[in-house]
Amino acid sequence: MTEARKERAPGAEAIIARIDGGRSDVKVPRDQIVYSQGEPADSVFYIVSGKVKVTVVSEGGKEAVVAILQPGQFCGEECLTGHQLRMSTVKVLTDCHLVKMPKAAVMAALHQDQEFAELFTIYLMERNIRIQEDLVDQLLNSTEKRLARLLLILANYGKEDRLNPIVPRINQETLAEMIGTSRTHVNFFMNKFRQLGFIEYNGDIKVNRSLLNMLLRDEQHAGSQG
């Protein structure tokens, strides 16, 4: 899967560039909001570079982080299923280069451009798998393993062109929201990971390959136990 994504990445931008009907490149500075929950949903965004945070707010005013999106992913696609208003707020974590595509242009491309339809379908399938993995992770894994897995995902491990990844500045409260625990627990395990050399943590987070090795050893041990 890693190699397939690597081969597809350059082609994806060329496919996106073919979309007519108001497509535009958008440069968004760090910490700026792309769109807010409740605003009109009339376009889809493709992430060329940078990372964005997706949050939702309940009727009671409670905010939750539901995803961190990375290059090669889309956001705002709920408009394609008939939603008139944005279901979430998207805020950039780093300086981002996005491609904004009007709803009508995306709908036309899905019907007329087989390569774009395939690109978008693969994205939706991968997102669905990721949601299932997150659910299993939430139900079956310990807080420590959930945090380790999240850090590895945020650091893009598995992509050969990023051997020494850096997680953008994400506070412990956000990490806690994403794995369903308290900030106190996150702080405890972040300190543990740092002491064991799995991460380097001084505001920004550098994830070392040893964290992945730890998870793999635990999975192999669990498999041998079974």
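Residues numbered from 1 in each chain as written. Predicted model: local features only at pLDDT ≥ 70, side-chain atom pairs only at ≥ 80, totals over all residues. Heavy atoms only, no water.

Participant: How should I be thinking about the overall build of the protein chain in this particular structure?
Facilitator: Looking only at helices and strands, the protein chain has seven helices and eleven strands in total. When contacts within the protein chain are restricted to residue pairs at least 6 apart in sequence, long-range pairs at least 24 apart make up 74% of them. Put simply, the protein chain shows about 12,600 Å² of open surface, and 51% of that area lies on carbon and sulfur atoms. (Helix = DSSP H or I, 4+ residues; strand = E, 2+ residues; numbered from the N terminus. Contact = heavy atoms within 4.5 Å. Areas by Shrake-Rupley, 256 points an atom, 1.4 Å probe, with all protein chains shown as cover.)

Participant: Got a minute to help me understand the sheet that holds strand β1 (residues 24-28) in this structure?
Facilitator: In a beta sheet, neighbouring strands are held together by backbone hydrogen bonds and run either parallel or antiparallel to one another. Spatially, β1-β8-β3-β6 is the arrangement adopted by the four strands of the open sheet, whose pairing is antiparallel. Two strands in the sheet have a free side with no partner beyond their single neighbour: β1 and β6 (74-75). (Pairing = 2+ DSSP bridges.)

Participant: Sorry, what's going on with unusual backbone geometry here?
Facilitator: Excluding glycine, a negative phi dihedral is what most residues carry, and trans is how most peptide bonds are arranged. Despite not being glycine, Asp 31 shows a phi value in the positive range, around 70°. By secondary structure assignment, the location of Asp 31 is in the loop between β1 and β2 (33-35).

Participant: Please explain the pattern of salt bridges as it appears in this structure.
Facilitator: Two side chains bearing opposite charge may form a pair once their charged atoms approach each other closely. One pass over the full model with this rule turns up seven salt bridges. Across the salt bridge formed by Arg 18 and Glu 115, the nearest N and O atoms sit 2.8 Å from each other. One end of the pair, Arg 18, is in the loop between α1 (2-17) and β1; the other, Glu 115, is in helix α3 (residues 114-140), with 97 residues separating them in the sequence. With relative accessibility at 39%, the residue Arg 18 sits in the partly exposed group. Given the relative accessible area of 44%, Glu 115 is considered partly exposed. Between Lys 206 and Glu 200 there is a salt bridge; the shortest N-O distance is 3.6 Å. Exposure remark for Lys 206: the relative accessible area of 22% places this residue in the partly exposed category. Given a relative accessible area of 40%, Glu 200 falls into the partly exposed group. The structure contains a network of salt bridges with shared partners spanning Arg 18, Asp 113 and Glu 115. (Salt bridge = Lys/Arg side-chain N within 4 Å of Asp/Glu carboxyl O. Buried < 20%, exposed > 50% of the residue type's maximum accessible area, 1.4 Å probe, protein only.)

Participant: What am I meant to see in the nonpolar core here?
Facilitator: Within soluble globular proteins, side chains that are nonpolar tend to cluster in buried spots. Counting residues in each nonpolar core, the largest one holds 27 residues, and the members touching the most others are Leu 151, Leu 175, Phe 193 and Leu 211. Only β5 (63-69), α4 (143-154), α5 (172-179), α6 (183-195), β10 (199-202), β11 (204-207) and α7 (209-225) provide two or more residues apiece to this core. The greatest single-element share of this core, amounting to six residues, is contributed by α4. What Phe 193 contacts, discounting residues up to four positions off in sequence, is Glu 144, Leu 147, Ala 148, Leu 151, Phe 198, Ile 199, Leu 211 and Met 214. In this structure, Ala 12, Ala 41, Val 48 and Phe 116 belong to the second largest nonpolar core, which totals 20 residues. (Core = buried A, V, L, I, M, F, W, Y, C linked by side-chain atoms within 4.5 Å.)

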